[in-house]
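Structural characterization, general
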Amino acid sequence: MGEDAESPKINHTFLRDYVTEADVISTVEFNQTGDLLATGDKGGRVVIFQRETESKGESEEVGETGDSGEYNVYSTFQSHEPDFDYLKSLEIEEKINKIRWLPQQNAAHFLLSTNDKTIKLWKVSERDKRPEGYNLKDEEGRLKDISTITSLQVPVLKPTDLMVEVRPRRVFSNGHTYHVNSISVNSDGETYLSADDLRINMWHLGITDRSFNIVDIKPANMEDLTEVITAAEFHPHHCHLFVYSSSKGTLRLCDMRSSALCDRHTKLFEEPEDPGSRSFFSEIISSVSDVKFSHSGRYLLTRDYLTAKVWDLNMDKGPVETYQVHEYLRSKLCSLYENDCIFDKFECVWNSSDSVIMTGAYNSFFRMFDRETGRGVTLEAWRESSKPRAVLRTRRVYSGGKRRRGDVGVDSLDFTKKILHMAWHPSENIIAIAATNNLYIFQDRVNPETQLQ
Amino acid sequence: MGGALSHDADVMEVTAEAKRIMVVALGKLYSSRTQRGGLRLHRSLLLTMVMKSARDMYHAAQETEWAAAEEQQPPTEEPTGAQIELQEGKPLTSPGNEVENSPTMLRRDADNKENMSPPRPTQHSRKRRGKAAVEPDFLPCKKAKLEQKNVPQQLILSTVLLCEYMNCSSEVGAPPAPMPVQRAIAAC
């Protein structure tokens, strides 16, 4: 299967109409080089894909890098198991909420994976040699009869089939009362943060029995609760800065140098509410579901139910850019509330040069916005229209005006096919899109280094 | 007259929608208790907020006659005060039905006491409907009583919300309103 370039990496079992709940992908993340791609699912499993390197001869052309290969399964392991909190009589789901890779320091790779309560550090290492020629044991490991040994030999390392070993190195437990929604590795390479609904903790990667609480928004009286933390991330370059988003649509930039407890923000980013668009659901749709720093560290990208917004760290009065992801849903909020879709949490990502942003939608659609032109494009992650090597065609949702062939009506959108999780390769135009239990990887072959359009 | 009727229909629509939203929110809150993984705080908070704003909207829609009168006047507290005052002793002058169905008649200043008499039947009917339509059976009935006690506060706030709903060019925006209401409701 690896040799055949045409063989698809996506599941083509058309006979399987149902989706096992446990197979639903819940997070996708590239490592810092983009060679590895990890996915976590609802069943607590992590699958790591590795990019194959093509032979140099055929692909060394102008503008194209050496390895433009496919991603194949590298390793699979069970990260979290279903757990039980005996004190509260609550089940703890094994669903992987987030995966974050550590920067690579040696031959091994490290990643953090978290469910609702516990964060784990995993070491992923390769073994492609094994010692052979033991004196006291035979090839199968059985002890030899000493009397048969007539000479001594030095065991030598012989190459074997590649084995990928994944071992848990740290388990960071009992740090959170509420459900963990984010983890973020600090640029200092030593610490990371984990955020739940009301608190953010900072951990040292080497210390599991202790963490520092750096944000606590729990009110003295829970009846006074008005907002929760929805996402948090460290600044890509400044190890003292982090941002967290709230359910009220605000962003708070915090500087850990100012005080031990960062309850008081350094900067508050908030857009004044438009009174004309107020509805029953204004609070729900303004809740920020994801926040991401740009690679440059200058901008923030946020996603709420209907829009994606770019904020300039130097301006807290409002976003500098607002992109309508699926404005046609604004009039359907009531039915989306009834079928629970209004609570869906979409992620958003930057491309490597921070010139394009991407986020998901319904009906297996996802949207890309070019920041320079302000134009958006709708693409589809669906196996029927995505044969290997086929060019992704743009789609359109018809919501009035001239209807073109191929347009999809708002009422025929499939709200069960939601693109919530996605990742963009750190340096190339390769994107990974999770569509329920399928993973789609799209690559820009023509111009891998330039914008995807 | 036609304007008044369509306005009335809008109010009915808002009331029905608010009621449906509240019921759905309650259903979701109750079913989330048995969900695997425990109560999701974020979701529960959002549902509670939706329920509260639907509830406010519902009560606000029920005070349509008063809001219509106040639309003309900037100070919202005054007419409310007058209404409370009048609860005591004013006899039911103009037939309650007529007043409810034609709010145009009520667009007068607060001094006009005939205008203000409907509070009694309206309030009475609001309380009745509140129990049967809004509150499901399993909720303790002290909630209805508490609403009545908080009437002055709620009236002020609900008037504000309705004004805003009807797109009056009022300076009072959405943000200030929910906060005090939440405290009132949290006390329930």
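Predicted, not measured: the structure shown is a model, and the values here were computed from it. Think of each chain on its own: its residues are numbered from 1, step by step along the sequence as written. Here the convention is simple: chains get letters from A, ligands get numbers from 1, in the order in which they are written. With the structure being a predicted model, the display of local features is reserved for residues of pLDDT at least 70 and the display and counting of side-chain atom pairs for 80 or more, all residues being used for whole-chain, interface and lining totals. As a rule here, side-chain values cover all heavy atoms of the structure and leave hydrogens and water aside.

1. A short note on the overall build of chain A
Each helix and strand in chain A was counted, giving three helices and 31 strands. The buried label applies to any residue whose accessible area, calculated with a 1.4 Å probe on protein chains only, is under 20% of its type's maximum; exposed applies above 50%, and partly exposed to all values in between. A buried classification covers 51% of the 453 residues belonging to chain A. The long-range fraction of contacts in chain A, counting pairs at least 24 apart against all pairs at least 6 apart in sequence, stands at 52%. The method behind every accessible area is Shrake-Rupley, applied with a 1.4 Å probe, and residues are considered shielded solely by the protein chains displayed. Per element, the accessible surface of chain A, about 22,200 Å² overall, is 50% carbon and sulfur. Numbering of helices and strands starts at the N terminus; helices are DSSP runs of H or I of at least 4 residues and strands are runs of E of at least 2. Any two residues having at least one pair of non-hydrogen atoms within 4.5 Å are treated as being in contact.

2. Focus on the overall build of chain B
Looking only at helices and strands, chain B has 10 helices and zero strands in total. Secondary structure elements of chain B occur, N-terminal to C-terminal, as α-α-α-α-α-α-α-α-α-α. Residue pairs at least 24 apart in sequence account for 75% of intrachain contacts in chain B once pairs closer than 6 positions are excluded. Accessible surface, chain B as shown: approximately 9,600 Å² in total, 56% of it carbon and sulfur.

3. Description of the nonpolar core
The nonpolar core is taken to be a set of buried Ala, Val, Leu, Ile, Met, Phe, Trp, Tyr and Cys residues, with the residues joined through side-chain atoms within 4.5 Å. In terms of nonpolar packing, the biggest core is built from 51 residues, with A:F281, A:Y305, A:L329, A:Y337, A:I342 and A:L413 touching the most fellow members. Counting residues per element, the ones that place at least two in this core are helix 2 (282-286), strand 20 (299-303), strand 21 (307-312), helix 3 (333-338), strand 23 (348-350) and strand 25 (365-370) of chain A together with helix 1 (2-32) and helix 2 (41-62) of chain B. One finds A:V349, A:F366, A:M368 and A:M422 within the second-largest nonpolar core, a separate group that totals 16 residues.

4. Brief notes about the environment of A:D138
Along the chain, the position of A:D138 falls in the loop between strand 9 (119-132) and strand 10 (156-172). Here the side chain of A:D138 touches A:E140 through a polar contact of 3.0 Å, landing on its backbone nitrogen. Here a polar contact is recorded for every N or O atom pair within 3.5 Å, except that within protein the pair must consist of a potential hydrogen donor and a potential acceptor, and residues adjacent in sequence are included only if both atoms are side-chain atoms.

5. Thoughts on the packing of aromatic side chains
The description of two aromatic rings rests on the distance between their centres and on the angle between their planes. All names here are of chain A. Only centres within 6.5 Å qualify two rings of Phe, Tyr or Trp (six-membered ring in Trp) as a pair; their planes then separate them into stacked at under 30 degrees, edge-to-face at over 60, and tilted for everything else. Counted under the stated rule, the structure contains 17 aromatic pairs over all chains. On the basis of an interplanar angle of 70 degrees and a centroid distance of 5.3 Å, the ring pair of F172 and W203 is categorised as edge-to-face. Residue F172 is found in strand 10, and its partner W203 is found in strand 13 (residues 199-204); the two are separated by 31 residues along the sequence. Here the two residues F172 and W203 agree in accessibility, since each one is buried. With 4.9 Å between their ring centres and 65 degrees between their planes, Y362 and F415 make a pair best called edge-to-face.

6. Thoughts on the environment of A:R199
Residues and elements named next belong to chain A. Summarising the element assignment, R199 is placed in strand 13. Linking R199 and A361, residues 162 residues apart in sequence, is a C-alpha distance of 29 Å. Once you skip the residues sitting within four places of it in the chain, R199 turns out to touch H176, T177, Y178, S194, N213, V215, D216, K218 and I229. Among the polar contacts made by the side chain of R199, one reaches the side chain of D216 at a distance of 3.1 Å.

7. Some points on the side chain of A:K120
Residues and elements named next belong to chain A. Secondary-structure assignment places K120 in strand 9. Buried charge without a partner: K120 forms no salt bridge, and the closest opposite charge is E81, 7.6 Å away. Leave out the neighbours within four places in its chain, and K120 touches S79, H80, L111, L112, S113, R170 and V171. Residues scored as charged are limited to Lys and Arg (positive) and Asp and Glu (negative), so that His and the chain ends carry no count. Just to be clear on terms, a salt bridge is a Lys or Arg side-chain nitrogen sitting within 4 Å of an Asp or Glu carboxyl oxygen.

8. Section: the sheet that holds strand 30 (residues 430-435) of chain A
Residues and elements named next belong to chain A. The sheet built from three strands is open, its strands ordered 29-30-31 with antiparallel pairing. Of all strands in the sheet, those with a lone pairing partner are strand 29 (421-424) and strand 31 (438-443), marking the two edges. Shown here is a sheet whose adjacent strand axes are inclined to one another by a mean of 15 degrees, direction ignored. Criterion used throughout: strands pair if DSSP finds at least two bridges between them. Pairing analysis gives six bridges linking strand 30 to strand 31, with the strands arranged antiparallel. What sits directly across from A434, in strand 31, is L439. Only the stretch in contact is used when a helix axis is fitted, and all axes are lines through C-alpha atoms; the angle between N-to-C directions ranges over 0 to 180 degrees.

9. Points about the interface of chain A and chain B
If you look at the interface, chain A gives 32 residues, while chain B gives 30 residues. We define buried area as the total accessible area lost by two parts upon association, computed with a 1.4 Å probe and summed across both. Of the roughly 3,000 Å² buried where chain A meets chain B, counting both sides, 61% is carbon and sulfur surface. Inspection of the region where chain A meets chain B yields seven salt bridges. Residue A:E93 pairs with B:R40 through a salt bridge whose shortest N-O separation is 2.8 Å. Counting residues per element, the ones that place at least two in the side of chain A that touches chain B are strand 6 (90-92), helix 2 and helix 3 of chain A. Any residue that is not Ala, Val, Leu, Ile, Met, Phe, Trp, Tyr, Cys, Pro, Asp, Glu, Lys or Arg is counted as polar, Gly included; the first ten are nonpolar and the last four charged. A breakdown of the residues in the side of chain A that touches chain B according to their chemical character gives 14 nonpolar, five polar and 13 charged.

10. Brief notes about the confidence of the model for chain A
Residue and element names in this part refer to chain A. Here pLDDT means the predictor's own confidence in every residue, given as a number from 0 to 100. In the predicted model, chain A carries a mean pLDDT of 89, and 90% of its residues have values of at least 70. Contacts for the low-pLDDT stretch residues 1-9, under 50 throughout, to residues beyond four places or in other chains number 10 contacts. Every residue in residues 56-67 is under pLDDT 50, and counting partners more than four places away or in other chains gives 16 contacts.

11. Thoughts on helix 2 of chain B
Spacing of three or four residues puts side chains on the same side of an α-helix, whose turn is 3.6 residues. Helix span is expected to be 1.5 Å times the residue number reduced by one. With 22 residues, helix 2 of chain B extends 31 Å between its outermost C-alpha atoms, agreeing within 8% with the 32 Å of an ideal straight helix rising 1.5 Å per residue. For helix 2 of chain B, the tally of buried residues reaches 21 of 22 residues, placing the bulk of the element in the interior.

12. Brief notes about a nonpolar patch on the surface
Here, patches come from residues exposed beyond 30% relative accessible area and free of salt bridges, joined within 9 Å for like charges and within 5 Å for nonpolar side chains (Val, Leu, Ile, Met, Phe, Trp, Tyr). Together, A:L136, A:L143 and A:I146 make up an exposed nonpolar region whose accessible area comes to about 370 Å². Within the secondary structure layout, A:L136 lies in the loop between strand 9 and strand 10.

13. Comments concerning the state of the cysteines
Residue and element names in this part refer to chain A. Pairs of cysteine sulfur atoms within 2.5 Å are identified as disulfides in what follows. All told, the structure shown has zero disulfides over all chains when counted by the stated rule. For C254, which is in no disulfide, the shortest distance to another cysteine sulfur is to C262 and amounts to 5.3 Å. C341 takes part in no disulfide bond, and the closest cysteine sulfur to it belongs to C334, at a distance of 13 Å. For C341, a relative accessible area of 4% translates into the label buried.

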